[in-house]
Amino acid sequence: MELFECSLLKYEDGKTIRIVFNNRLSSIIYIVDMEAKRWAYSIEKNKILDLIERKVLNVLNEDPFHRYVIEGDLSKAERERRDQAWKIVSYALDQVEIEEHIFITKYREDAIKKASAVFKVNYSTVKNYLIEYWKGGKIRNALLPAYHLCGAKGQEKKAYEKKRGRPSSVESKQGVNIDEKIKKYFKVGLNRYYYNEKQNTLRTVYEFTIRDFFTEEYIDASGTRIGVLEDFAKIPTYNQFLYWFKKFNDAKKEVSSREGSRIYHQKYRGIIGNSTQDAGLGPATLWQTDSTPLDIHCISSINRGVLVGKPLLHLVIDVYSRLVVGFSLTFESLNSYSGAMIALLNSMTPKKEFCKIYGIDIEDEWDVACIPQRIFTDRGELDGKQIEGAIEGLGISIQNSPSYRPETKGLIESMFHNMVHRMIKPHVEGVVNGSRVRERGESDTRLKANLTIEEVTAILIKCLIFYNNFHVIEDYPLTEQMLVHGVEKIPRKIWEFGLKNQKGQLRVLPDDVIRMHLLPSDSKASITSKGVKFRQLLYASEYSLKNNWFQTARIKGSSKIKVWYDPRDLTNIYTRGKEDHKFHKLTLVDHFVKFKNKGIEEVEQIIKYEKSVDSEGKERELKEKMKLFDDIAKIVQVGKQKTEEQIDNTISKTKKLKGMKENRRKERELRRQELQEQSISLIEEVQVNETENYECNNDLDVFRRLQVLGMNDDDE
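Sequence order as written defines residue numbering, which begins from 1 separately in each chain. It should be noted that, the model being predicted, local features are given only for residues of pLDDT at least 70 and side-chain atom pairs only at 80 or more, the latter also being counted only at that level, while totals for whole chains, interfaces and linings use all residues. For the side-chain quantities, the full set of heavy atoms in the structure was used; hydrogens and water were omitted.

A. How the structure looks around the overall build of the protein chain. Scanning the protein chain from N- to C-terminus turns up 23 helices and 20 strands. Residue exposure (1.4 Å probe, protein chains only): buried if accessible area is under 20% of the type maximum, exposed if over 50%, otherwise partly exposed. Within the span of the protein chain, comprising 716 residues, buried residues form 38% of the whole. A fraction of 61% describes how many contacts in the protein chain between residues 6 or more apart in sequence connect residues 24 or more apart. Put simply, the protein chain shows about 44500 Å² of open surface, and 50% of that area lies on carbon and sulfur atoms. Runs of E in the DSSP output that reach at least two residues are strands. Runs of H or I that reach at least four are helices, and both are numbered from the N terminus. Contact definition: two residues touch when any of their heavy atoms are within 4.5 Å. Computed by Shrake-Rupley with a 1.4 Å probe, the accessible areas treat only the displayed protein chains as cover when residues are assessed.

Set out below in C-alpha cells:
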C-alpha cells in the first residue's frame, strides 16, 4: 500500500496523525500529532502498514482540518499575520540542506536560531509556526490566524449582573440581561401572537408579550382590573426582543403559520431538480395538463355585438421535449372534466383536419398523435369515476398533483405565461389583466373585445406551431448524448431526437376508440321523426336513414339514444350502432347549418338570443292583433247595422236560401259593371296624364292599375 505525504490516519481511540515526510530510501516516515503541540516524530513505515492491515489505523479520505478560504474574504490583519509567518517558516526551511533535516533535532535547532535572530522572534514562535505548517498540510494558508474561532461566535454568553451587549444610548435605561425565563416569555408571545393567520407585526407581538408577562394587575376603586408596567429597568427592549426573534425564528414555520403551507410550498420552498428528470424514457412517457382562464374577452360569432366572456384554455405538454401536444379553448367551467378530455382528445388525434377548420393548412409542423403512458394533472379534472374508463381503455395512468400546488407543474405554468402574456395579449384587444380592479373613470377594456372564440383559437394554433418549431428553450438540460448529436433546444428537435434515439415507436389507437373514451357522453338525445334531437339541434346520417330511425319514430314515437359529443363543436355527434356496435357520426341537418362549428355555450346563447327576439316580436304581435280585432269588430258592427236597416223580415228563411245561386250571379255582374266603370275612369285619367308629359310605358301599366282595383278577381 502506498502512503502519501499529508495523508491523515486515525487510530481506534480517535487520535489522528498526519504524514509530513516519507523517506522512500530508509522506509522511515515522519508524522505529527494533530491534537498536540509537539514536534513531528519518526516511525517505521512497516509498522504503520501493519496497523492499517489490522485495522487499528484507518486512512481518512477527507481532511477535516483543512480550512477552505477565499483570498478576497480575508481581512488585512489575517493576510499580514499569515505572510509574516510564511516568511519565517520559509527562511527556516531554507537553512537545511534537505527537507528531512528539519525533522532532526540538531539541524532544526540551528535553523530556528537563525530565523529567530533574523526576524527578531523567540524560539516558541518559530516552533509553533512550523508545527501549524505541518498540521495544516504544508501549505501557506495553514499559517492563518484562527480569528474565526475567537469570541465564541454563535455561542450564547452567560448572564451576569453586568448588562451584556452594546450599552444603551440613554444612560437612565441600562436594560436587562435576557435569561432563560425571559426567553421563554418571548417564545410564548411569538407562538401566541405572531405565528398565526392574523399576521400581527413584531412590534405588536412585543407589546402583547410585555402586557402578558411584565405587568402587574391592580383593581381600582370601581373594581376594574388595570395592568401596570413593572420597573422599566427590568423590561426587555424591543431591540432585544427582535434579536432573540431572529435567533428563534424558523422561516418555514413563519410562512406556513402566517400565510399557509400552500403559499410556502408555492413561493418559498427549495427547488431541487427539474420536471424533465421525471419524463422517463422519452417522448409521450409523461404529459402535463392544466387549465387557466384566458384573459381575453370574446364576442359571439353569430352576433358580434354580443359579449360572451373569457374562454378557458387547457394545454397538454410533453415533459420530455416541452412540445405542446394539444389544447382546447372552450367556455367550460374551470377544472371541468369536459375541457380536459377535449384537450387530451386533441393531443391524441391528428391535427391537420382540426387546423383546417380554423383556416390553417399544415403538413408536418404539428405531427403529434399518440397515447401517453402517464398524465400529470390537477386533482379534480381527471380524478374520479369519469376517468376510469379512459384509464382502462387507453392504458393511461393518472398522477394527480397536490391540491393548490401549481408549482408542481412548473412547465405548464410557465407555458401559460409565455403563450398568453408574451405572445398573444400584446396583439389583441378586450384583455383583462387578472383580478386588477379598474380605476375610477378608466375605460372598460372588455367593451373593446372584437374576436370570436374561433378567431382566438386560430391565433393560438399559430402561436403553438411557432413555439413547437422555433422557440429556443434556454434552460433545457441537454443530455450528453444530445450534445454529441448537436440537438437544438427546440421542442420539435428534442421530440424527434427522443423518438429516434430513446423512445422508438409511439403507441397509437383508432380515432373512434379515443373518442369513445374521451368525449363526454349524454343519454338524453332523442330519435324523433325530424332527426336525432340533442340540445335542441337536429342530426342525421346515412346510417340513421338506412335503418329507418325517423320513420320508426313517427310511427312508434320517439326513443332515447346515447351520444358522444365535442363541447367546443356541435357540428357532429357520435353514437354506437345497435346492430354493428360501431361508432357512427351524425351531422347537423341543413336548416341548422347556422350552428356549424359552434360550441355548446355559443349554441345556447344563440338560442337564448333568438328566444328573446321572438319574445319581443310576440309582444308586438299581440298588441297589433288587439288593434286588428278592434278594426274587425268596427267593420262587423257597421255591416250589421246596415243589414238590420235594409233586411226584410217578412221573407221566410226558405225563400232566402232558395235564391242564393241566382243572387250570387246578379251580384257578380253588378261587381263587374262597377269595375268596368272604374277602369274607364282610370284610362281617362291616364290619357290626361300623357298630355301632361306623363309617360306610360305600355298597356301593361294600365293592366297593373286595373289589377289593383280587383279586375282580376275569380268568377267564383
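B. Structural context of the packing of helix α6 (residues 202-213) against helix α7 (residues 238-248). Under this scheme, a helix contributes an axis fitted over its contacting stretch, all axes are lines through C-alpha atoms, and angles between N-to-C directions fall in the 0 to 180 degree range. Between α6 and α7, the least distance of the axes is 10 Å, while the angle of their chain directions is 110 degrees. Between α6 and α7, the angle falls in the class roughly perpendicular. In this structure, α6 contributes L202, R203, V205, Y206 and T209 to the contact, and α7 contributes Y238, F241, L242 and F245. Polarity classes work like this: nonpolar for Ala, Val, Leu, Ile, Met, Phe, Trp, Tyr, Cys and Pro, charged for Asp, Glu, Lys and Arg, and polar for all others, with Gly in that last group. When its residues are assigned to classes, the contact of α6 with α7 shows seven nonpolar, one polar and one charged. When an angle is under 35 degrees it counts as roughly parallel; over 145 it counts as roughly antiparallel; between 65 and 115 it counts as roughly perpendicular; any other value is oblique.

C. Spatial organisation of the sheet that holds strand β1 (residues 8-11). Within the open sheet, the five strands sit side by side as β4-β3-β2-β1-β5. Their pairing is antiparallel. Edge strands, defined here as strands with exactly one partner in the open sheet, are β4 (41-44) and β5 (57-60). Going from strand to strand, the sheet's axes swing by 40 degrees on average, the running direction of each strand aside. With four bridges joining them, strand β3 (residues 28-33) and β4 adopt antiparallel strand pairing. Bridging across to β4, Y30 finds its partner in S42. This element, helix α1 (residues 45-53), spans β1, β2 (16-23), β3, β4 and β5 of the sheet and lies at about 70 degrees to β4. Here, a strand pair is defined by DSSP locating no fewer than two bridges between the strands.

D. Up close: the sheet that holds strand β19 (residues 569-576). Read around the barrel, six strands follow the order β15-β16-β17-β20-β19-β18 and close on themselves; strand pairing throughout is antiparallel. Direction aside, neighbouring strands of the sheet carry axes that sit 45 degrees apart on average. Direction of pairing for strand β18 (residues 559-566) relative to β19: antiparallel, over a ladder of four bridges. Residue pairing across strands places W564 opposite Y574, the latter belonging to β19. Across the sheet, helix α19 (residues 549-556) is in contact with β15 (521-528), β16 (531-534), β17 (537-540), β18 and β19; its angle to β15 comes to roughly 75 degrees.

E. Looking closely at α19. What α19 keeps buried is the set W549, F550 and A553. An end-on view of α19 places all buried positions within 90 degrees of arc, on one side of the element. Exposed residues on α19 whose side chains face more than 90 degrees from its buried face are R554, I555 and K556. Those residues of α19 that are buried lie in contact with β15, β16, β17, α18 (542-546), β18 and β19. G557 sits one or two positions beyond α19 and adopts a positive phi of about 100 degrees. What the arc measures is the spread of directions leading from the helix axis to the C-beta atoms.

F. Seen up close, helix α5 (residues 180-194). By definition here, a helix of n residues has an expected span of 1.5 Å times n minus one. The first and last C-alpha atoms of α5 sit 20 Å apart over 15 residues, in line with the 21 Å expected at 1.5 Å per residue. For α5, the full list of buried residues reads I182, K183, Y185, F186, G189, L190, Y193 and Y194. Taken down its axis, α5 places every buried residue within 155 degrees of arc, on the same side. The outward face of α5, more than 90 degrees from its buried face, is lined by the exposed residues E180, K181 and K184. On its buried side, α5 packs onto α6, α7 and α8 (251-259).

G. Seen up close, the nonpolar core. Think of a nonpolar core as a cluster: buried Ala, Val, Leu, Ile, Met, Phe, Trp, Tyr and Cys residues, connected wherever their side-chain atoms sit within 4.5 Å. Core analysis: the biggest nonpolar cluster contains 62 residues, and F327, M348 and W366 have the highest contact counts within it. Looking at this core, the element that brings in the most residues is helix α14 (residues 453-470), giving nine residues.

H. Focus on the pairing of β19. Extensive coverage of β19 is indicated by the burial of seven of its eight residues. Linking β18 back to β19 in an antiparallel pair, the connection comprises two residues. As defined by bridge partners, β19 adjoins strand β20 (residues 583-588) across five bridges and the pair is classed as antiparallel. If you follow T575 over to β20, its bridge partner there is H584.

I. Structural context of the pattern of salt bridges. By definition here, a salt bridge exists when the distance from a side-chain nitrogen of Lys or Arg to a carboxyl oxygen of Asp or Glu is within 4 Å. Considering all chains together, one arrives at 23 salt bridges under this definition. Where K114 meets D110, a salt bridge forms, and the shortest distance between an N and an O atom there is 3.5 Å. Taken together, the residues K114 and D110, both in helix α3 (residues 105-119) and four residues apart, mark about one turn of the helix. Among the ionic pairs, K183 bridges to E180, the shortest N-O distance being 2.8 Å. Remark: E180 and K183 occur in helix α5; sequence separation between them is three residues, near one turn of the helix. Residue E180 is classed as exposed on the basis of its relative accessible area, which comes to 55%. Each of E71, R82, D83 and R140 takes part in one network of salt bridges that share partners.

J. Main features of the confidence of the model for the protein chain. Predictor confidence is given residue by residue as pLDDT, running from a minimum of 0 to a maximum of 100. Mean pLDDT over the protein chain stands at 81; residues scoring 70 or higher make up 84%. In this model, residues 404-408 is a region of pLDDT below 50 whose contacts with residues beyond four sequence positions or in other chains number 13 contacts. Within the model, the stretch residues 711-716 combines pLDDT values under 50 with seven contacts to residues more than four positions away or in other chains.

K. How the structure looks around the packing of aromatic side chains. In this scheme Phe, Tyr and Trp rings, the latter by its six-membered ring, pair at centre separations within 6.5 Å, and the angle between planes marks the pair as stacked below 30 degrees, edge-to-face above 60, and tilted otherwise. Taken as a whole and assessed by the stated rule, the structure comprises 26 aromatic pairs. Ring geometry for F103 versus W134: centroids 4.9 Å apart, planes at 35 degrees, classification tilted. Pair noted here: F103 is in the loop between α2 (76-94) and α3 and W134 is in helix α4 (residues 123-135), with a separation of 31 residues, a long-range link. Given a relative accessible area of 6%, F103 falls into the buried group. W134 sits in the buried class, given a relative accessible area of 1%. An aromatic cluster is present here, built from F21, Y30, W39, F103 and W134 joined pairwise through their rings. Only when the NZ of Lys or the CZ of Arg is both within 6 Å of the ring centre and within 35 degrees of the ring normal is a charge said to sit over the ring. Of note, K253 hangs over the ring of Y195, and the distance from its end group to the ring centre comes to 4.5 Å. Here the guanidinium or amino end of K351 rests over the ring plane of W366, the centre of that ring lying 5.6 Å away.

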